Amino acid sequence: MRKIQQEIFGYFKDMFKQNNMVKRIVISFFSIIIMGLGISLFSVSGFGVDPFTSMNMSVAATLNIRFGTYQMIVNGMILLYVILVAHRGLVGIGTVFNMIGCGYACEFFQNMFQPFAEQNYTMAVRIPLLIIGLVTLCFACSLFFTANVGVGPYDAVGFMLSRGIKLSHKWVRVLTDVTVILIGLAVSGGLSAIFSGNFSEIKNIGFGTIITAFCMGPLVNVFNKTVSAKILKTNYEKIAKEALVYFVKDAEMLSFSENAMFVITK
């Protein structure tokens, strides 16, 4: 317990040494709300969501509990592990915002948009929802990353595993994403649906999941250059390098465009 208290004190001490901290905390907070909006649009489009969210949605539905509550519990467990074994630079007030707020924000907006989507469930509606959701999510992730007050708990696990098993972070991320997708498929009956050929019964996994893997990095990069860096008046490339050098042995070999997609808050 004493170690945890010392680490928490160290987090806040390090955090408030940084410049423009109040502004960055406010931006980080609102980025989580916007992130929840983007994920909800992905979800109601019916094209699937990002891997970590897909697992949490599937498990929460199976256990019959609120998605926001389940995601907060999972993130809390991950955060405790990160605090105990990781470099404190991984965790900040933004990590807490991510842990508590993202799931509930997504749940709030999804409940708002779901009736409309169900009444107008056509490609003419679903595709725009997917596109708007992607752009919104990328903008939110850009703000969250550039604010630089902590990474999401799930993202922290990727950095820690990369350092522990001496494997490039991008490959570790692939492994963790595949793992959470399989867990979500298993608990929701998706694996059985795949083996039986009933692909329409697969939940929370789809074209949108693939989109997040290949399109988010470049789009987040664009928002970093054109919007977020100007709002915060900061050098986002320097932030990316400084953040990664703590956790990834070969950080200097990774381009920002490859890593931006990994600093995503679920």
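Residues numbered from 1 in each chain as written. Predicted model: local features only at pLDDT ≥ 70, side-chain atom pairs only at ≥ 80, totals over all residues. Heavy atoms only, no water.

K.L.:
Sorry if this is basic, but what is going on with the overall build of the protein chain here?
P.N.:
Along its length, the protein chain carries 12 helices and 0 strands. Written out in order from the N terminus, the α and β elements of the protein chain read α-α-α-α-α-α-α-α-α-α-α-α. Evaluated residue by residue, the protein chain yields a buried proportion of 52% over its 266 residues. Residue pairs at least 24 apart in sequence account for 79% of intrachain contacts in the protein chain once pairs closer than 6 positions are excluded. Of the accessible surface of the protein chain, which amounts to about 13,000 Å², a share of 68% is contributed by carbon and sulfur atoms. (Helix = DSSP H or I, 4+ residues; strand = E, 2+ residues; numbered from the N terminus. Buried < 20%, exposed > 50% of the residue type's maximum accessible area, 1.4 Å probe, protein only. Contact = heavy atoms within 4.5 Å. Areas by Shrake-Rupley, 256 points an atom, 1.4 Å probe, with all protein chains shown as cover.)

K.L.:
Teacher, can you tell me more about the confidence of the model for the protein chain here?
P.N.:
Interpretation of this model should avoid reading the predicted coordinates in detail wherever pLDDT is low. Across the protein chain, the average pLDDT comes to 78, with 78% of residues at or above 70. Between residues 242–266, whose pLDDT stays under 50, and residues either more than four places distant or in other chains, the model counts 63 contacts. (pLDDT = per-residue confidence, 0-100.)

K.L.:
Is there a simple way to think about the nonpolar core in this case?
P.N.:
Side chains that are nonpolar tend, in soluble globular proteins, to be buried together. Counting 48 residues, the largest nonpolar core has Met 35, Ile 39, Phe 52 and Leu 137 as the members making the most contacts within it. Listing elements by their share of this core, those giving two or more residues are helix 2 (21–45), helix 3 (51–63), helix 4 (67–85), helix 5 (93–119), helix 6 (123–147), helix 7 (153–165) and helix 10 (207–232). Looking at this core, the element that brings in the most residues is helix 6, giving 9 residues. Listed in part, the 5 residues of the second largest apolar core include Leu 41, Val 44, Val 125 and Leu 129. (Core = buried A, V, L, I, M, F, W, Y, C linked by side-chain atoms within 4.5 Å.)

K.L.:
When you look at the side chain of Asn 224 in this model, what are you seeing that I'm missing?
P.N.:
In this fold, Asn 224 is placed in helix 10. Of note is the side chain of Asn 224, whose polar atom sits 3.0 Å from the side chain of Thr 146. (Polar contact = N/O pair within 3.5 Å; in protein donor to acceptor, adjacent residues only side chain to side chain.)

K.L.:
Looking at this model, I keep getting lost on the side chain of Thr 209. Mind explaining?
P.N.:
The topology assignment puts Thr 209 in helix 10. Apart from residues no more than four positions distant in its own chain, Thr 209 is found in contact with Phe 47, Gly 48, Val 49, Pro 51, Ile 181 and Asn 204.

K.L.:
Would you mind going over the packing of helix 2 against helix 10 with me for this structure?
P.N.:
Angle between the axes and distance between the axes: these two values describe a pair of packed helices. In the contact formed by helix 2 and helix 10, the axes pass within 14 Å of each other and the chain directions differ by 150°. Considering the angle they form, helix 2 stands roughly antiparallel to helix 10. The two elements helix 2 and helix 10 meet at a crossing, and its hand is right-handed. On helix 10, the residues that touch Lys 23, Arg 24, Ile 27 and Phe 42 of helix 2 are Gly 208, Thr 212, Ile 231 and Leu 232. When its residues are assigned to classes, the contact of helix 2 with helix 10 shows 4 nonpolar, 2 polar and 2 charged. (Axes fitted to C-alpha atoms, helices over the stretch in contact; angles between N-to-C directions. Parallel < 35°, antiparallel > 145°, perpendicular 65-115°, else oblique. Left-handed = near helix turned anticlockwise from the far one by under 90°. Nonpolar A, V, L, I, M, F, W, Y, C, P; charged D, E, K, R; others polar.)

K.L.:
I tried to follow the packing of helix 4 against helix 5 on my own but got confused; where do I start?
P.N.:
Look at helix 4 against helix 5: their axes get within 8 Å of each other, and the N-to-C directions meet at 165°. Considering the angle they form, helix 4 stands roughly antiparallel to helix 5. The way helix 4 lies across helix 5 gives a crossing that is right-handed. Contact residues: helix 4 offers Phe 67, Gly 68, Thr 69, Gln 71, Met 72, Asn 75, Gly 76 and Leu 79, while helix 5 offers Thr 95, Asn 98, Met 99, Ile 100, Cys 102, Gly 103, Tyr 104, Cys 106 and Glu 107. Looking at the contact of helix 4 with helix 5, its residues break down into 8 nonpolar, 8 polar and 1 charged.

K.L.:
In this structure, what is going on with the packing of aromatic side chains? I would like to understand it.
P.N.:
One pair of aromatic rings is described through two measures. These are the centre distance and the angle between the planes. Taken as a whole and assessed by the stated rule, the structure comprises 7 aromatic pairs. With a centroid separation of 4.4 Å and an interplanar angle of 10°, the aromatic rings of Phe 52 and Tyr 154 are classed as stacked. Placement of the pair is Phe 52 in helix 3 and Tyr 154 in helix 7, with a sequence separation of 102 residues. Among the residues examined, Phe 52 registers a relative accessible area of 2% and is labelled buried. With 6.3 Å between their ring centres and 10° between their planes, Phe 109 and Phe 113 make a pair best called stacked. Here Phe 109 pairs with Phe 113, and both are found in helix 5, just 4 residues apart, close to one helical turn. Classification of Phe 113 by relative accessible area gives partly exposed; the value is 24%. Pairwise contacts between aromatic rings join Phe 29, Phe 30 and Phe 97 into one cluster. (Phe/Tyr/Trp six-rings, centres within 6.5 Å; stacked < 30°, edge-to-face > 60°.)

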